[in-house]
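Single-letter residue listing:
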Amino acid sequence: MSLPTDSTQPRLASGCRWSNSNGEDKTLLFPEGALRLQGTGKKIVELCDGQRTFSEIVNALQADYNASDPAQIRQDVAAFLEQLRQKRILDY
Amino acid sequence: MLPNPLALIAEVTHRCPLHCVYCSNPLEMAAARSELGTEDWIRVFNQAAEMKLLHLHLTGGEPLARADLKELIAAAHTAGLYTNLITSGIGLAEPRLAALIEAGLDHIQLSFQDSREDSGNWIAGTRAHAHKLELAHIIRKQKVAFTINLVVHRQNLDRLEEMIALIETLQPDRMEIAHTQYYGWALENRAALMPTREQLENSVKVIDAARKRLEGRIRLDSVTPDYYARYPKACMGGWGRRLLLIDPAGKALPCHAAGVIPDLRFDNVREHSLQWIWEESPAFQQFRGESWMQPPCRSCDRRTEDFGGCRCQAFLLTGDAAATDPVCSLAPTHHFIEATLLQMNTERLPISNPVNIFSQQRNNENAPPSAGAWLYRKNPS
């Protein structure tokens, strides 16, 4: 495990990209697999552009979900990003 | 309603500069003159994208043997498919690689035969190893997903740790270690390729340890040998369920080995659309669903997981394509597998030393070398 830190700038790993189809769901394509994302999951990955830092991503999500516990959001996003990094979908 | 497949496997040619002894291509290969033209393939890729297929796997033979490969990749990419090139790397240098990536190639899978040059060349039946090493460094510098494939068997398994260490130095995103699957040329060479139980057990440990060590750096996927498994593999994710394969001549098959099953009628993309083939072609319907199943599959809880295993293997080993895959421990014909494994583990065919096949006088560079230990894959006419 290597959870993201505040300054981490997650990005899509090489060979991982969005499919061209548009709609509520979006599909991430990568070697030998695909992942259909919607809702918060989709939003988080869309924010992983290699520019935004982890803390900026967390802040953006907190602004959207201001009723939620900030520490919890932070923890959940970190776990989600780490899961995608393990699958070599995200790099950081 | 029948869901459309997820991926298209395009065997764009059966021509190949390598003669790998574990090749799973059919023994009867599509002749070069029968190959689909550029326009045919592009039409097929457009149809696949319309059907919302996600991935295109370009394979062969060696896809680089086609002069129009860049055009094929560009067309598939424009149609929206995720393009994967499965290659030996022979015929690829930096300028062509850069052009293929520019055309939209997403993922390249480069095969290795061994960690040692003499052995790698001996397995491939040609001098390929040094070029592959050089090419791996060039690929790593490009913006493309990079997988290294390694097919393992009795003749190289004792060097598995060394092979993984070599691949690690080449820094792919992903490593695929596949035990040989016994179809085509590999089935002809089974006696020389089948691992011993000891080799297999050791390989499981080595792969598990490597997976942990490489976690987060290199994704390691592995394919276990089904002869030693308790239950069969869910071949192709089930017949006519997730994958569609087009052979070099345009024949649509549910799996690359399906041509061995007699009395199956395969339709051709020259005459039919992919959608029609998927829904209507008799070959795809033959073993779709469960109505074809025999006991014990018919009432087995695992039938929705492994779909009775592989139809081609069932035919090749029992003579009946609708039989339970004999690798299944519940199959009435499982004794065929047990007898084969007993023989392979007791007679202990030696692990050979690489033979210098390159001292042979060969009139035609395309012809495979002759060898005592095994049969090299030939090229189509």
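What counts, and where the lines are drawn
Along each chain, residue indices are assigned from 1 in the same order as the chain's sequence is written. Lettering of chains starts at A and numbering of ligands starts at 1, both following the order in which they are written. Local features in this predicted model are restricted to residues of pLDDT 70 or higher, and side-chain atom pairs are both shown and tallied only at a pLDDT of 80 or more, whereas totals for entire chains, interfaces and linings draw on every residue. Strands here are runs of E lasting at least two residues and helices are runs of H or I lasting at least four, both read from the DSSP assignment and numbered beginning at the N terminus. In this treatment the radius of gyration is a C-alpha quantity, and the globule benchmark scales as 2.2 Å times the residue count to the 0.38 power. Once C-beta atoms are placed from the backbone, each residue is buried if 20 or more other C-beta atoms lie within 10 Å of its own, exposed if 12 or fewer, and partly exposed for counts between those two. A pair of residues counts as a contact when their C-beta atoms, built from backbone coordinates, are within 7 Å of each other. Axis lines are fitted through C-alpha atoms, for helices just across the contact stretch, and the angle between N-to-C directions can take any value from 0 to 180 degrees. Any angle that falls under 35 degrees is termed roughly parallel, while one over 145 is termed roughly antiparallel, one within 65 to 115 roughly perpendicular, and all others oblique. Two helices cross in a left-handed way if the nearer one is turned anticlockwise from the farther one by less than a right angle. They cross in a right-handed way if the turn is clockwise. Confidence scores labelled pLDDT are given residue by residue by the predictor and lie between 0 and 100. Ten residues, namely Ala, Val, Leu, Ile, Met, Phe, Trp, Tyr, Cys and Pro, are considered nonpolar, four, namely Asp, Glu, Lys and Arg, are considered charged, and the remaining ones, Gly among them, are considered polar. Strand pairing is assigned whenever DSSP identifies at least 2 bridges connecting the two strands. Think of it like this: strands point away, you trace from the first strand over the helix to the second, and a clockwise trace means the crossover is right-handed. Note on definitions: a nonpolar core is a set of buried residues drawn from Ala, Val, Leu, Ile, Met, Phe, Trp, Tyr and Cys, linked by C-beta atoms within 7 Å. Our arc is simply the arc of the directions from the helix axis toward the C-beta atoms.

Moving on, we come to the overall build of chain A. Secondary structure assignment for chain A yields 3 helices and 5 strands. Of the regular secondary structure in chain A, the N- to C-terminal order runs β-β-β-β-α-α-α-β. What you see for chain A is a C-alpha radius of gyration of 13 Å, in line with the 12 Å of a compact globule of 92 residues. Summarising its shape, the C-alpha atoms of chain A cover approximately 35 × 30 × 20 Å along the three principal directions. Every one of the 92 residues in chain A was classed for burial, and the buried ones make up 26%. Taking as baseline every contact in chain A between residues at least 6 positions apart, the subset at least 24 positions apart corresponds to 51%.

So, about the packing of helix α2 (residues 54-64) of chain A against helix α3 (residues 70-86) of chain A. Residues and elements named next belong to chain A. Relative to each other, α2 and α3 sit at 130°, their axes nearing to 10 Å. Considered as vectors, α2 and α3 are oriented oblique to each other. For the pair α2 and α3, the sense of crossing is right-handed. For the pair formed by α2 and α3, the contact residues are I57, V58, L61 and Q62 on the first element and P70, I73, R74 and V77 on the second.

In low-pLDDT segments, the atomic positions of the prediction should not be examined closely. In the predicted model, chain B carries a mean pLDDT of 93, and 96% of its residues have values of at least 70. At the level of chain-chain contacts, confidence expressed as ipTM amounts to 0.87, with global pTM at 0.93.

Taken together, the contact pairs 15 residues of chain B with 14 residues of chain A. Secondary structure elements with two or more residues in the side of chain B that touches chain A: β3 (82-87) and β5 (145-152) of chain B. Of the residues assigned to the side of chain B that touches chain A, the class counts are 4 nonpolar, 5 polar and 6 charged.

Glancing now at the pairing of β5(B). Residue and element names in this part refer to chain B. Burial of β5 is extensive: 8 of the 8 residues sit out of reach of the surface. Burial along β5 is two-sided: the face carrying A145, T147, N149 and V151 and the face carrying F146, I148, L150 and V152 are both buried. In the sheet, strand β4 (residues 107-112) pairs with β5 via 6 bridges, with the strands oriented parallel. Bridging across to β5, S111 finds its partner in N149. As defined by bridge partners, β5 adjoins strand β6 (residues 174-179) across 6 bridges and the pair is classed as parallel. Paired with V151 across the bridge in β6 is A178. This β-α-β element, β5 to helix α6 (residues 160-169) to β6, shows right-handed connectivity.

Across soluble globular proteins, you tend to see nonpolar side chains buried next to one another. With 124 residues, the main nonpolar core has F45(B), A48(B), L56(B) and L81(B) as its most contacted residues. The contact partners of L81(B), leaving out residues within four places of it in the chain, are F45(B), A48(B), A49(B), L53(B), H55(B), L56(B) and A76(B).

Before going further, it helps to spend a moment on the sheet that holds strand β2 (residues 17-18) of chain A. Residue and element names in this part refer to chain A. Strand order in the open sheet formed by 3 strands is β2-β3-β4, and the pairing between neighbours is antiparallel. For this open sheet the edge positions go to β2 and β4 (33-37), each flanked by a neighbour on one side alone. The pairing of β2 with strand β3 (residues 26-30) spans 2 bridges and is classified as antiparallel. By the bridge assignment for β3, R17 is matched with L29.

All names here are of chain B. An order of β7-β6-β5-β4-β3-β2-β1-β8-β9 is seen for the 9 strands of this open sheet, with the pairing classed as mixed. In the strand order of this sheet, the two ends are held by β7 (219-223) and β9 (252-253), each with one partner. Sheet analysis places strand β2 (residues 55-59) next to β3, joined by 4 bridges and oriented parallel. Bridging from a neighbouring strand, L58 pairs with L85 of β3. The strands that helix α5 (residues 129-140) touches are β4 and β5; relative to β4, the one it contacts most, it runs at about 160°.

Another aspect to go through is unusual backbone geometry. Residues apart from glycine generally show negative phi values, whereas peptide bonds are mostly found in trans. Residues and elements named next belong to chain B. Here G60 and G61 are connected by a cis peptide whose omega angle stands at 10°. Tracing the backbone shows G61 in the loop between β2 and α2 (69-79). Look at the link from P295 to P296: it is a cis peptide, with omega at 0°. In this fold, P296 is placed in the loop between α11 (282-286) and α12 (303-306). At F307, a position not held by glycine, the phi torsion is positive, near 55°. Note on placement: F307 falls in the loop between α12 and α13 (311-318).

Before going further, it helps to examine α6(B). Owing to its 3.6 residues per turn, the α-helix brings residues three or four apart onto one side. Residue and element names in this part refer to chain B. Along α6, the residues classified as buried are L160, M163, I164 and I167. Around the axis of α6, the buried residues are gathered within 100° of arc, so they sit on the same side. For α6, the exposed residues set more than 90 degrees away from the buried face come down to A165 and T169. Residues of α6 that are buried sit in contact with β4, β5, β6 and α9 (197-214). Looking one or two residues beyond α6, the residue adopting positive phi is Q171, at roughly 55°.

Turning our attention to the packing of helix α1 (residues 38-50) of chain B against α2(B). Residue and element names in this part refer to chain B. Between α1 and α2, the shortest axis-to-axis distance is 9 Å and the interhelical angle comes to 20°. Judged by the angle between their axes, α1 and α2 are roughly parallel. Crossing of α1 against α2: the hand is right-handed. Mapping the contact onto sequence places T38, W41, I42, F45, N46 and A49 in α1 and E71, L72, A75, A76 and A79 in α2. Grouping the amino acids of the contact of α1 with α2 by side-chain chemistry returns 8 nonpolar, 2 polar and 1 charged.

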